[in-house]
Amino acid sequence: MSKNKKSKFRSFLGKRQFRYGWYATLITVLVIAVVVVVNMAAGAIEDRFALSIDMSPNSITSLSDQTLEVLGQVDEEVHIYTVYQNSTQTESRIQLEAIINRYCAQNGNIKTENIDPVSNPQKINGYTGNTSLSEGAVIMTNADESRVRVINASDFYQYYQNSSTGSYSASFTQAESRLTAGLLYVISDDTPKVYFLTGHNELSSDNCSVLKEQLSNENYEVSDLTLGAADAPELAAGDTILVLSPTMDLTDEEYETMRDWLESGGRLMFAANYNVDFEQLPNFSKLLALYNLSFKDGIAVEDQETSSSWLGRPDWIVPTIEEHDATESLTDGRLIMPSARPVQYPEMPLSGIQYKSMLTTSDNTYVKSSVDANTDLFTRTDEDETGSQILAMSAMRQNIDDPTQDVRIVLVGSSDIFADTTLITSTNNIDFILSAIQWMVNRDVNVSVRAKTAQDTVLRIPDAGTFWTLAAVCIIAIPVLVLVGGVAVWLRRRHL
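Next up on the list: the overall build of the chain. Counting secondary structure elements, the chain contains twelve helices and 22 strands. Taking all 496 residues of the chain together, the buried fraction comes to 43%. In the chain, the proportion of contacts linking residues at least 24 apart, taken out of those at least 6 apart, comes to 73%. For the chain, the exposed area adds up to about 26,600 Å²; of that, 52% sits on carbon and sulfur atoms.

Moving on to the sheet that holds strand β20 (residues 385-386). Sheet strands pair by backbone hydrogen bonding; their relative direction is either parallel or antiparallel. Pairing in this open sheet of three strands is antiparallel, and the strands run β12-β19-β20 from one edge to the other. Either end of the sheet is taken by a strand with one partner, and the two such strands are β12 (299-301) and β20. Pairing between strand β19 (residues 366-368) and β20: two bridges, direction antiparallel. Residue pairing in the sheet places Val-367 in a bridge with Glu-385 of β20.

Now for a nonpolar patch on the surface. Taken together, the side chains of Ile-475, Ile-476, Val-480 and Val-484 define a hydrophobic patch exposed on the protein surface, amounting to about 390 Å² of accessible area. By secondary structure assignment, the location of Val-480 is in helix α12 (residues 464-493). Val-480 sits in the partly exposed class, given a relative accessible area of 44%.

Another point: the sheet that holds strand β14 (residues 313-317). Read from one edge of the open sheet, three strands run β13-β14-β16, paired in antiparallel fashion. Every other strand in the sheet has two partners, leaving β13 (310-311) and β16 (337-338) as the edge strands with one partner each. As judged from the two bridges shared by β13 and β14, these two strands associate in the antiparallel manner. Following the sheet pairing, Trp-310 is matched in β14 by Ile-317.

This paragraph deals with α12. For α12, with 30 residues, the first-to-last C-alpha span of 43 Å sits near the 44 Å given by 1.5 Å per residue. Where α12 bends most, at Val-473, the angle is about 30 degrees.

Further remarks concern the packing of aromatic side chains. One pass over the structure, following the stated rule, counts six aromatic pairs. Plain terms: the ring middles of Phe-270 and Phe-284 are 5.6 Å apart, the flat faces sit at 80 degrees to each other, and that makes the pair edge-to-face. Pair noted here: Phe-270 is in strand β10 (residues 267-271) and Phe-284 is in helix α9 (residues 282-289), with a separation of 14 residues, a long-range link. As far as burial versus exposure is concerned, Phe-270 and Phe-284 are alike and both buried.

Applying the stated criterion across every chain yields a total of eleven salt bridges. In this structure, the salt-bridge partner of Glu-113 is Lys-123, at a minimum N-O distance of 3.5 Å. Here Glu-113, found in strand β2 (residues 110-115), pairs with Lys-123, found in helix α5 (residues 121-128); they are ten residues apart in sequence, far enough to count as distant. Judged by its relative accessible area of 39%, Glu-113 falls in the partly exposed class. Classification of Lys-123 as partly exposed rests on a relative accessible area of 25%. Glu-385 serves as the salt-bridge partner of Lys-296, at 2.7 Å between the closest nitrogen and oxygen. With Lys-296 in the loop between β11 (294-295) and β12 and Glu-385 in strand β20, this pair connects stretches of sequence that are 89 residues apart. For Lys-296, a relative accessible area of 15% corresponds to the buried category.

Two faces belong to every sheet, and in a regular strand the side chains alternate between them. Within strand β3 (residues 138-142), five of the five residues are buried, leaving the element largely enclosed by the surrounding structure. By the alternation rule, side chains of β3 split into Val-138, Met-140 and Asn-142 and Ile-139 and Thr-141, which are all buried. Examined bridge by bridge, strand β1 (residues 78-83) and β3 share five bridges and lie antiparallel to one another. In the strand pairing of β3, Tyr-81 is matched with Ile-139. The sheet contact formed by β3 and strand β4 (residues 148-151) spans four bridges and is antiparallel. Following the sheet pairing, Met-140 is matched in β4 by Arg-149. Between β3 and β4, which pair antiparallel one after the other, the connecting turn spans five residues, and Glu-145 there sits at a positive phi close to 60 degrees.

Another aspect to go through is the side chain of Thr-327. Take Thr-327: it is sitting in the loop between β15 (320-321) and β16. By relative accessible area, which is 4% here, Thr-327 ends up buried. Within the local environment of Thr-327, its side chain forms a polar contact with the backbone oxygen of Glu-322, the two atoms lying 2.6 Å apart. Aside from chain neighbours lying at most four places away, what touches Thr-327 is Ile-321, Glu-322, Met-358 and Phe-432.

Packed helices, taken two at a time, are described by the angle between their axes plus the distance between the axes. At a minimum axis separation of 11 Å, helix α4 (residues 91-106) and helix α6 (residues 175-187) run at an interaxial angle of 40 degrees. Classified by the angle between their axes, α4 and α6 sit oblique to one another. Where α4 crosses over α6, the handedness of that crossing is right-handed. On the side of α4, the interface is formed by Leu-96, Ile-99, Ile-100 and Tyr-103, while α6 contributes Ala-175, Glu-176, Leu-179, Thr-180 and Leu-183. Residues that form the contact of α4 with α6 fall into these classes: seven nonpolar, one polar and one charged.

Here the focus is the environment of Gln-405. Among the secondary structure elements, Gln-405 is positioned in the loop between β21 (390-397) and β22 (407-412). Taking relative accessible area as the criterion, Gln-405 reaches 29% and is therefore assigned partly exposed. Along the primary structure Gln-405 and Arg-267 are separated by 138 residues, whereas in three dimensions their C-alpha atoms are 9.7 Å apart. Sequence-distant contacts of Gln-405, that is, excluding residues within four places in its chain, are made with Ala-237, Ser-264, Gly-265, Arg-267 and Asn-399.

The rules behind each value
The residue numbering used here restarts from 1 in each chain and proceeds along that chain's sequence as written. Local features in a predicted model are, by the rule used here, given only for residues with pLDDT of at least 70; side-chain atom pairs are given and counted only at 80 or more, and totals for whole chains, interfaces and linings are based on all residues. To get the side-chain values, take all heavy atoms of the structure and skip hydrogens and water. Helix and strand labels come from DSSP, where a helix needs a run of H or I of at least four residues and a strand needs a run of E of at least two; each type is numbered from the N terminus. For each residue, the accessible area found with a 1.4 Å probe, counting protein chains only, is set against the maximum for its type, and the residue is called buried under 20%, exposed over 50%, and partly exposed in between. In what follows, a contact means two residues having at least one pair of non-hydrogen atoms within 4.5 Å. Residue exposure ignores everything except the shown protein chains as possible cover, and the areas themselves are Shrake-Rupley values with a 1.4 Å probe. Should DSSP find at least two bridges between two strands, the strands are regarded as paired. Only residues above 30% relative accessible area that lack a salt bridge enter a patch, with like-charged residues linked at up to 9 Å and the nonpolar side chains Val, Leu, Ile, Met, Phe, Trp and Tyr linked at up to 5 Å. Any carboxyl oxygen of Asp or Glu within 4 Å of a side-chain nitrogen of Lys or Arg constitutes a salt bridge here. Each residue after the first adds 1.5 Å to the expected span of a helix. Bend, at a single residue, is the angle you get between axes fitted to the 7 residues ending at that residue and the 7 residues starting at it. In this scheme Phe, Tyr and Trp rings, the latter by its six-membered ring, pair at centre separations within 6.5 Å, and the angle between planes marks the pair as stacked below 30 degrees, edge-to-face above 60, and tilted otherwise. What qualifies as a polar contact is a pair of N or O atoms within 3.5 Å, subject to a donor-acceptor requirement within protein and to the restriction that residues adjacent in sequence count only when both atoms come from side chains. The angle between two axes is taken between their N-to-C directions and runs from 0 to 180 degrees, where each axis is a line fitted to C-alpha atoms and a helix contributes only its stretch in contact. For classification, angles of less than 35 degrees are called roughly parallel, those exceeding 145 degrees roughly antiparallel, those between 65 and 115 degrees roughly perpendicular, and all remaining angles oblique. By convention, the crossing between two helices is left-handed when the near helix turns anticlockwise from the far helix through less than a right angle, and right-handed when the turn is clockwise. Put simply, Ala, Val, Leu, Ile, Met, Phe, Trp, Tyr, Cys and Pro go in the nonpolar bin, Asp, Glu, Lys and Arg in the charged bin, and everything else, Gly too, in the polar bin.

Following this line, the structure appears as structure tokens:
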């Protein structure tokens with residue numbers, strides 16, 4: 001290079017524009033490098049400790065206290081496998097993996113890994129028995145893979161109706177409930193069994209699909225039970241049977257089966273509407289009488305002036321929740337007992353059995369003992385019994401040496417609260433039922449994680465005028481301001 005050219009090059013390097021540009025470039029490179037390193041470190045820390053803040057609607061990826069309680073019980077290795085192609089990057093996968101990472105961060109015994117269903121179908125088949133799984137499914141196993149729970153992708157979603165459009169949408173709101181139930185399953189030695197008694201015109205699981213699904217979600221094995229059938233399971237201590245408003249009686253053989261099972265440590269929940277005729281059910285009555293239990297005849301009606309104790313009509317009672325191990329978690333919301341039948345508190349309690357009220361009415365309640373088409377329910381007469389009534393009660397014969405041999409019974413004065421109606425989805429009725437079953441099973445750790453309610457986060461524009469105003473601001477005004485600002489900065493810098 002000639003001396004003249006070298007002189008010009010040095011002169012160029014000495015220019016203020018070049019020095020400022022070089023410094024700016026160097027600083028920019030350093031800042032980018034620092035940002036990359038910090039983000040990599042933050043990502044590694046987040047993967048290990050799940051420290052990100054959940055800003056999703058209703059905190060979809062946050063863990064509830066019930067899940068944290070279950071996580072505290074995990075003292076063995078558990079594997080959670082997601083099923084996605086490696087190339088799949090969807091919002092649902094990001095949410096699901098974020099939730100699973102929080103499980104892993106809370107307990108180091110929980111490991112997670114993805115299985116690509118295209119490149120590694122053999123591993124999936126080893127858990128599912130050659131049953132194919134769609135993307136988004138999850139497989140959970142304990143360390144020796146003796147207990148496996150498969151959760152299909154659709155099980156993570158809850159469908160809800162948009163109040164504005166009437167259309168139905170899927171919301172990723174059941175992930176925590178399903179995962180926690182699966183976790184409890186794979187770390188448990190056994191799973192509590194709940195049976196709906198059938199064969200006596202009572203409500204079966206088909207009439208109580210919402211309750212059945214929630215019981216399954218909370219890690220119970222749920223099925224119908226027909227006593228004496230060839231495929232009927234052998235009842236064991238700790239099993240729970242739901243008897244919901246039967247209108248046909250037990251046979252003598254069925255009575256003996258129920259009696260022997262109950263005496264050996266069975267758990268019975270018996271619900272009866274006001275129109276159940278116990279005179280036609282002598283064996284059912286005899287079964288309850290073994291523990292000095294019975295229902296009153298008639299329907300409980302609240303005084304119309306006690307407006308806080310009923311909803312819609314005075315025979316739709318909002319009961320008082322009494323202190324009980326099964327009701328201590330029922331702090332929010334309210335229960336509604338429609339057309340309820342009072343439970344009779346034993347006049348002569350049997351020695352060794354603890355009787356406790358669970359739900360009661362106000363002191364102004366009266367009982368219509370005879371109800372037919374001509375009965376005026378809402379007019380009190382001198383013949384009507386008046387006073388606080390029991391709508392749910394428990395009885396327990398405790399076995400101190402072996403709690404699995406406890407006899408636990410719950411009587412409920414309405415089977416309508418179990419059925420598939422708006423009551424079970426719009427009130428806390430299902431929470432009461434589930435809590436009562438948990439008490440009967442005497443479960444140390446329970447999954448009571450409910451599906452998180454989906455929120456409609458769509459911004460709705462009320463009218464055309466508002467639409468065009470927003471359009472003018474977003475499409476014209478804001479871009480013009482950005483452009484003007486950019487031009488002003490450019491003009492200033494070109495004179496440096």
